[in-house]
Amino acid sequence: MSRQTQKPVLSASGIVAGYRPDLPILHGVEVAVKAGEVATIIGPNGAGKSTLIKAVAGLVAISAGTVLLDDREITGQPAHQLARLGAGFVPQTGNVFASLTIQENLVLGGIGLNRAEALARIKEIYQRYPMLGEKRHDKAATLSGGQRQILAVARVLIMRPRLILLDEPTAGLSPMAAAELFQLVRALAADGAAILMVEQNARAALKISDTGFVLAEGQNRLSGPAADLLADAKVGQIFLGQRTKAKKAAKKAGQKPVKKAAKKAARKTSKKGAKG
Amino acid sequence: MFMQHLADGILSGAIVALGAIGLSFTMKILRFANFSHSELLTWGGYLALIFLAFAGSFADLSASNIGPFSFGWPMLFAMLGSALATSLLAVLLHYLVFRRLARTAGHMTLVFASFGIALLLRHLVLLFWGHDPIYYSNELQFAILIPGGARVMPDQVFLLGLTILVVVFLHLFLTRSRTGIAMRGVAENPELARITGVNVDWIIIWVWVIGASGAAISGVLYGLTVQLRPELGFSLILPLFAAAILGGAGSLYGAVLGGLIVGLSENLSVMVIPSTFKPAVPFLLILVILYFRPDGMFGERK
């Protein structure tokens, strides 16, 4: 297949990043996605999955490593430039402007374009997602969870991104809405975009992915074709089987998911010290 | 008497409303209470003097009056010039003080810095223009009797008309222009706005320009209908905050309605309480509103 020889749209290597420069959460992570591919980052809680996707999106400071978007270095670019350069990021929460109408949300999505071009693309979006067109003058706050995700993705699509970053797109969605969203993700890849997402729902996400990256303690553990990872007994045992447990732990731990990882790191004396 | 107080209330409410719009926007988008905002009203009023003098070197000021008003096109030119100059002042303060502090310090630091700036600005006005009241024009105006028995000056009618015009313009700006929509987006979620591709730093400049322009126009209108004094802004600080808080930070209509309520309640209160207590009315309003609606009338619940 030509995909084998194709250059990746996104290739990040040696990423060291964190919310504080003295406390890196990622210790040299690699990730690459090709056009038309869906890649999913999975891993236990506190592995640095969201940090990685945010670092690529320019929201978390990268202290070492490079991020390339189609051979162009975008490491440390301000987030608002990235949208114009062709990388669209859909955050996990607060990913639509609730107080603005659907149309206004989409207008902001196209703010990097000239007015006429932006309006033409918004029209295309309405054709593709008629639900958004019907509700264009409603406030985004009136949408359901699944509809909000569609709007959030649509807003990113206006810039026709070559890379789409999704941070836990199915979080808080009903199983049916989650399945619909995965279908939408597949459709976006079929249109040629490279998609990198972080998912708690690891098994379902891997099923619709081409490749998977397993992260643990801020480092790459495993990576490869998603089907292989799904079949891998070790992955199944460590990450997929413990999904519900991890979720509970996440709720409990709240904003301090690195605590456990830090303890583990401390035990392995050679590790880079405490992280939480 | 009631009609007179009503008319006075609406007029002083319009001045407060214009000033409160900017305060409300900066409070919402820059996320701190800017106590130096009221000094921008003072500066707006005084800076207009410079532009008026400039226009006066080209035309006879008293001969160019329009209709029944005490002023002509030089005053309109001065108002525009003052709005631009006051915006420049606000943007300068943003770069020199607020932007730097916002990066490293907390919100309270910004609030205290704004106190300092307010003091500085107020005393610079004293230094440059002295403490005596100044009038744009010494011409006498005849009041017009409006139905209901109240008397208003033609300039006051202009004040009201201009306020309505500014509010309509801002409404269109916020709902039709992409910069206006982006401003509302930044107000709701700055990080998402940034991700979406909005240049948030640029939007913040716009917030200052709109806030300062509103303040300048408000200050000029105050100077036109009352007088220019160095403590013009300082005396309005409570009404301005009351209006912005009443309306809910970030809401255009909230600030306008808040301004009207403050103006009306101040002026109508003199019918029941001694007028020396008038300045306490905004205080009471803040207390009452915060008790029932902590986020203001139009503010979103958090």
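Refer to the structure presented above.
Each residue is numbered by its place in its chain's sequence as written, counting from 1. Written order decides the labels, with chains lettered from A and ligands numbered from 1. The predicted origin of the model limits local features to residues at a pLDDT of at least 70 and limits the giving and counting of side-chain atom pairs to 80 or more, whereas totals for whole chains, interfaces and linings rest on all residues.

(A) Representation of the packing of helix 1 (residues 2–29) of chain B against helix 10 (residues 252–269) of chain B in the model. All names here are of chain B. At a minimum axis distance of 6 Å, the contact between helix 1 and helix 10 shows a crossing angle of 145°. Like other packed secondary-structure pairs, helix 1 and helix 10 cross with a definite hand, here right-handed. Each residue belonging to the contact of helix 1 with helix 10 can be placed in one class, and the counts come to 13 nonpolar, 10 polar and 2 charged. Here the axes come from fitting lines to C-alpha atoms, over the contacting stretch only for helices, and the angles between their N-to-C directions go from 0 to 180 degrees. Helix and strand definitions here come from DSSP, where helices need a minimum of 4 consecutive H or I residues and strands a minimum of 2 consecutive E residues; each element is numbered from the N-terminal end. Working rule for handedness: look at the near helix, and if it is turned counterclockwise from the far one by less than a right angle, call the crossing left-handed; if clockwise, right-handed. Amino acid classes used here: Ala, Val, Leu, Ile, Met, Phe, Trp, Tyr, Cys and Pro are nonpolar; Asp, Glu, Lys and Arg are charged; the rest, including Gly, are polar.

(B) Region of the structure containing the environment of Leu 196 of chain A. Residue and element names in this part refer to chain A. Mapped onto the secondary structure, Leu 196 falls in strand 8 (residues 194–198). Of the residues examined, Leu 196 has 29 C-beta atoms within 10 Å and is grouped as buried. Residues Leu 196 and Phe 89 lie 107 residues apart in sequence; the distance between their C-alpha atoms is 9.6 Å. Those residues in contact with Leu 196, other than ones at most four positions away along the chain, are Leu 10, Val 31, Val 33, Ala 39, Ile 53, Leu 163 and Leu 165. Note on burial: count the other C-beta atoms lying within 10 Å of the residue's C-beta; 20 or more is buried, 12 or fewer is exposed, in between is partly exposed, and C-beta positions come from the backbone. Our contact criterion uses C-beta atoms placed from the backbone: two residues qualify when those atoms are within 7 Å.

(C) Broad picture of the nonpolar core. The biggest cluster of nonpolar side chains holds 166 residues, and the ones touching the most others in it are Leu 163, Leu 165, Ile 195 and Leu 196 of chain A. Considering each element in turn, this core owes the most residues, 14 residues, to helix 8 (residues 200–225) of chain B. The term nonpolar core means buried Ala, Val, Leu, Ile, Met, Phe, Trp, Tyr and Cys residues held together as one set by C-beta atoms within 7 Å.

(D) How the structure looks around the sheet that holds strand 10 (residues 219–225) of chain A. Residue and element names in this part refer to chain A. Two strands qualify as a pair provided that DSSP identifies no fewer than 2 bridges between them. Overall, mixed pairing links the 6 strands, which are arranged 6-7-8-3-9-10 in an open sheet. Here the strands that pair on one side only, and so sit at the sheet edges, are strand 6 (87–90) and strand 10. Averaged over all neighbouring strand pairs, the angle between strand axes comes to 15°, with direction disregarded. Examined bridge by bridge, strand 7 (residues 163–167) and strand 8 share 5 bridges and lie parallel to one another. By the bridge assignment for strand 8, Leu 166 is matched with Met 197.

(E) Quick peek at the sheet that holds strand 1 (residues 8–17) of chain A. Residues and elements named next belong to chain A. Read across the sheet, 4 strands follow the order 2-1-4-5 without closing on themselves; strand pairing throughout is antiparallel. Looking at strand neighbours, the two that pair on one side only are strand 2 (26–34) and strand 5 (72–73), the edges of this open sheet. Pairing geometry for strand 1 and strand 2, over 7 bridges, is antiparallel. Within the sheet, the bridge partner assigned to Ala 12 lies in strand 2 and is Val 31. On the sheet, helix 2 (residues 49–56) packs against strand 1, strand 2 and strand 4 (62–69) and is oriented at approximately 115° with respect to strand 1.

(F) View of the packing of helix 10 of chain B against helix 11 (residues 280–292) of chain B. Residues and elements named next belong to chain B. Contact pair helix 10 / helix 11: the axes reach a minimum separation of 9 Å and the direction vectors enclose 125°. Taken together, the axes of helix 10 and helix 11 lie oblique to each other. At the point where helix 10 passes helix 11, the crossing takes the right-handed sense. Listed contacts from helix 11 to Val 262, Ser 265, Glu 266 and Ser 269 of helix 10 are Val 281, Pro 282 and Leu 285. Across the contact of helix 10 with helix 11, the residue classes tally to 4 nonpolar, 2 polar and 1 charged. Angle categories are assigned with fixed cut-offs, so that under 35 degrees is roughly parallel, over 145 is roughly antiparallel, 65 to 115 is roughly perpendicular, and the rest are oblique.

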